Structures are given as structure tokens and as C-alpha cells.
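# Results of the structural survey
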Amino acid sequence: MKHLVGFSRVFVGILFIISGFIKLNDPVGFSFKLEEYFSQGVLDLPFLMPYALAISIFVVISEVVLGVFLLLGYRKKFTIGSLLLMILFFTFLTFYSAYFNKVTDCGCFGDAIKLTPWESFIKDVVLLVLILILYFGQEYIKPLFSKKLRQIIALVSVVLCIIYGNYVLNHLPVIDFRPYKIGANIEDGMEFPEDAPKPIYEYSWKFNSKGEEKVIVTNGEYPDVDGEFIGVETEEIQKGYEPPIHDFTIEQEGEDFTAPLMQKDKLLIVVAYDLAKSEYEAYEKVKEVSDKALDNGYEVIGMSASNKEWTNRIIEEYQLGFEFYFTDETTLKTIVRSNPGLLILERGTITQKVHYNDIEDLKIE
């Protein structure tokens, strides 16, 4: 039992630190995932959506800190009890998502590691078992270092998490795991390899054969049946290859301008997924940098999921010299964790990306 508790302590502690840090690196992204859980049709808790970011920060800092506390053996009853409550909640959440197919990615490891709903649930069940081992084997958990040193390390871990979280909230994630990171080419990210696996579908064909309903299952071919065709139901039983970037379009009045814009040598994009929630004070700087870019031969566009009324309002109020195009809101949230955020592209390759607090760092050449 002693060795099992020791293994569980190290494994759970390190995993919580890694999982928490990945999400702490991008708390805004995790808050988007929480909003998805809170939305109608999933947990149906829309009153929590305005607090998603605050909950996100609390959860991710707690994960890291509890992992550190566990490895230190600091306040073990509180630490193990908190871990148990947290993993019980996560296990319920991942089971609910998997069983009812509500949220296809739990966000457990942010954008760094994608898990299917059932993979997430199995991961949480394993962690639940290990934490139960810790709960019933607490006497084998011996503290590391002296009491004073444990307190200092614990306090430092909390302070560092708060400082780091505050930094990435006011700038951008230090480590970008998304397909729109600096150096990525958007068109390349949308390509399908020639040998990419294709999705496999199962077809359930219904026929009326001699007065009885008959169902024949195939993988696509029409069955040879003596009877009257009633209908067919299709189910995807194996997903095919999905490129890293699969939902990126730049549209205006129903026309897709993605391809020509991705060929521009110098393209400045102002991304604002929702202009109603945008940081309006930033648009004075957006005006300055976009005007400078236009003077230097850049193509400048805005990308938003907001309607024409909002885009016209922002353009008129801040005298912006560019137009907005429509792009899916989820895509825009993925591109940059800032509302607004700015990107510079060279023939589809992202060369610069900044938060609205760092607009002055953008190099217009």
C-alpha cells in the first residue's frame, strides 16, 4: 500500500500541475470551453456564463496549486479532499459529455492534447481511483522538507500562478498550441494529405419486405433486397482526418474571399469575434496602426462574427479605414485570445500576432 500511495501521489500531483499549467497558459480559452458546458442544451446553466472567466482562473490555479501541495505533503487532508471533490465533478462532467455527446473536447489539456469525450472520462476514472487510494492511504503520505519551507514553497506557487495568470490575461498565451500560432501558414493548415483516412459511415436501410420491416446495415452500398424501400439512417462510426484548420473562411455578402486574401504579401487583420463585447478603448490604437499599415501598402481588413449594424457602428465611430468580413465566432476565438487582436500575414503565413494591450509592439514595415 505504501508504494501504491507513493506512486499515486507523484502521478496525480504531476498530472494536475501539467493539466493546470496548460490551461493557466490560456485561461481565456478554458473559459470559452466552460461557456460551452454552461450553455443551453448542455448543462443549461446560462446564469454562470458571465462568470466563466473567473471560474476558469480559479479552477486552473487550484489544479496547479493542489498538485504542488500534494507533492509537498502540505495540508494533506485539505489537499486530498479538494482533489477528490474536483475529480468527482470532472468525472461527472466528462461522462455527461461522452454519454450525451454534448461537448466533443473537454479542454482538459487545452489545445495541447485533444481527447475524445470517452478518453477524457476514462482519464478521470483512473485519476479518481488513484485519488481514492490517496484518500484511504493518507498515513503513508509523509511531508517533504520542514514545515516552514513547505509553507514558503506553497505560498510562492500560489503567487507565481496569480502573476502568470494575470500576464496571459492581459497579453497572449506564452505558449501557443493552436494552429494559428506565429509561423503557421493558414492554407497549409487546411490541406488534406493524399493518404488521409476518410470517415467511415454505417447505413441502416429499411425495407418493407412481404409486410414486414426489414433493416439491412452496410457501409454505403445499396443492398440487394426484394422489397419496398422505406428509408435510410446514416451514422459515422469512424472519423476521418480533420486538418488543423478546417473552419476558416473570410466572407462578405455571401462571397468567400479567403483564397485571394491569403495570397497578399502584406495583410493586416483586426480580429474582433464579438464587437458588442470588444475593448473599445483599443480602437484608437487600432486606427493608428491600421492607417500606418495602409500608408505602407498593406491590405487591411477586419474579421468579426458581428452583424452589419455593429461593424458599421465601429467603423463610423472610430473612423476606421477598412471593412469587416464575416468569420465564424469560434474560429475567431481560436485565432487570437483578444477582442480585438491583430495579426500580420505574409501570403497566408502568420508573422505577428498581438493582444490589444500590445498593439504598439506590432512592426509595420
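Coordinates for the structure precede this section.
The structure reproduced in this document is the subject of the present report. (Residues numbered from 1 in each chain as written. Predicted model: local features only at pLDDT ≥ 70, side-chain atom pairs only at ≥ 80, totals over all residues. Heavy atoms only, no water.)

### Regarding the overall build of the protein chain
Threshold: Secondary structure elements are defined from DSSP: runs of H or I of at least 4 residues count as helices, runs of E of at least 2 residues count as strands, and each element is numbered from the N terminus. The cut-offs for exposure are 20% and 50% of the maximum accessible area for each residue type, with area from a 1.4 Å probe on protein chains only; residues under the lower value are buried, those over the upper are exposed, and the others partly exposed. Contacts are residue-level and defined by heavy atoms, with any inter-residue pair within 4.5 Å sufficient. The positive count covers Lys and Arg only, the negative count covers Asp and Glu only, and His and the chain ends enter neither. To locate a charge, the coordinates of NZ of Lys, CZ of Arg, CG of Asp or CD of Glu are taken.
Scanning the protein chain from N- to C-terminus turns up 11 helices and 10 strands. Along the three orthogonal principal directions, the C-alpha set of the protein chain runs to about 75 × 65 × 40 Å. Taken across its 365 residues, the protein chain has 47% of its residues classed as buried. Taking the intrachain contacts of the protein chain between residues at least 6 apart in sequence as the baseline, contacts between residues at least 24 apart amount to 70%. Both charge centroids of the protein chain, one from 34 positive and one from 52 negative side chains, sit 14 Å from each other.

### Some details on the environment of glutamate 233
With respect to the helices and strands, glutamate 233 occurs in strand β3 (residues 228–238). Between the alpha carbons of glutamate 233 and tyrosine 203 there is a distance of 5.7 Å; along the sequence they are 30 residues apart. Sequence-distant contacts of glutamate 233, that is, excluding residues within four places in its chain, are made with Glu202, Tyr203, Ser204 and Lys206.

### A few points about the packing of aromatic side chains
For the record, the criterion: Note on aromatic pairs: the rings of Phe, Tyr and Trp (six-membered ring only in Trp) are paired at centre separations within 6.5 Å, and the planes decide the class, stacked below 30 degrees, edge-to-face beyond 60, tilted for the rest. Think of it as a cone above the ring: NZ of Lys or CZ of Arg counts as a charge over the ring if it is within 6 Å of the ring centre and within 35 degrees of the ring normal.
Summed over the entire model, instances satisfying the criterion amount to 22 aromatic pairs. With a centroid separation of 4.9 Å and an interplanar angle of 75 degrees, the aromatic rings of phenylalanine 69 and tyrosine 74 are classed as edge-to-face. According to the relative accessible area criterion, tyrosine 74 is buried, its value standing at 17%. Feature note: the residues Tyr203, Trp205, Phe207, Tyr222 and Phe229 constitute an aromatic cluster, connected by ring pairs. Here the basic side chain of lysine 23 rests over the ring of phenylalanine 30, its NZ or CZ set 5.4 Å away from the ring centre. Here the guanidinium or amino end of lysine 333 rests over the ring plane of phenylalanine 32, the centre of that ring lying 4.5 Å away.

### Topic: helix α6 (residues 147–170)
Heads up, the rule is: The length a helix should cover is 1.5 Å for every residue beyond the first.
Counted at 1.5 Å a residue, the expected span for α6 with its 24 residues is 34 Å, and the 35 Å between its end C-alpha atoms agrees. Those residues of α6 that sit buried are Arg150, Ala154, Ser157, Cys161, Tyr164, Gly165 and Val168. Those residues of α6 that are buried are in contact with α1 (2–24), α2 (27–38) and α3 (52–72).

### Quick notes on the sheet that holds strand β2 (residues 212–218)
The condition is simple: In short, DSSP must find at least two bridges between two strands for them to pair. Comment: axis = line fitted to C-alpha atoms, over the contacting stretch for helices; angle = value between 0 and 180 degrees taken between N-to-C directions.
Taken in spatial order, the three strands of this open sheet run β2-β1-β3, and their pairing is antiparallel. Strand pairing shows two members of the sheet lacking a second neighbour, β2 and β3, which therefore form its edges. Averaged over neighbouring strand pairs, the angle between their axes works out to 20 degrees when direction is ignored. Where strand β1 (residues 200–209) lies against β3, nine bridges are found, and the strand directions are antiparallel. Residue pairing for β3: tyrosine 203 is matched across the bridge by threonine 234.

### Remarks on helix α5 (residues 117–136)
Given a rise of 1.5 Å per residue, 20 residues ought to cover 28 Å, and the 29 Å separating the end C-alpha atoms of α5 matches this to within 8%. For α5, the full list of buried residues reads Pro117, Ser120, Phe121, Lys123, Asp124, Leu127, Leu128, Leu130, Ile131, Ile133 and Leu134.

### Comments concerning the nonpolar core
The following threshold applies: The definition of a nonpolar core used throughout is a set of buried Ala, Val, Leu, Ile, Met, Phe, Trp, Tyr and Cys residues joined through side-chain atoms within 4.5 Å.
With 37 residues, the main nonpolar core has Val12, Phe16, Leu83, Ile87, Ile131 and Leu134 as its most contacted residues. Ranked by the residues each element gives to this core, the list is headed by α3, at 11 residues. Setting aside residues up to four positions removed in sequence, isoleucine 87 forms contacts with Asp124, Leu127, Leu128 and Ile131.

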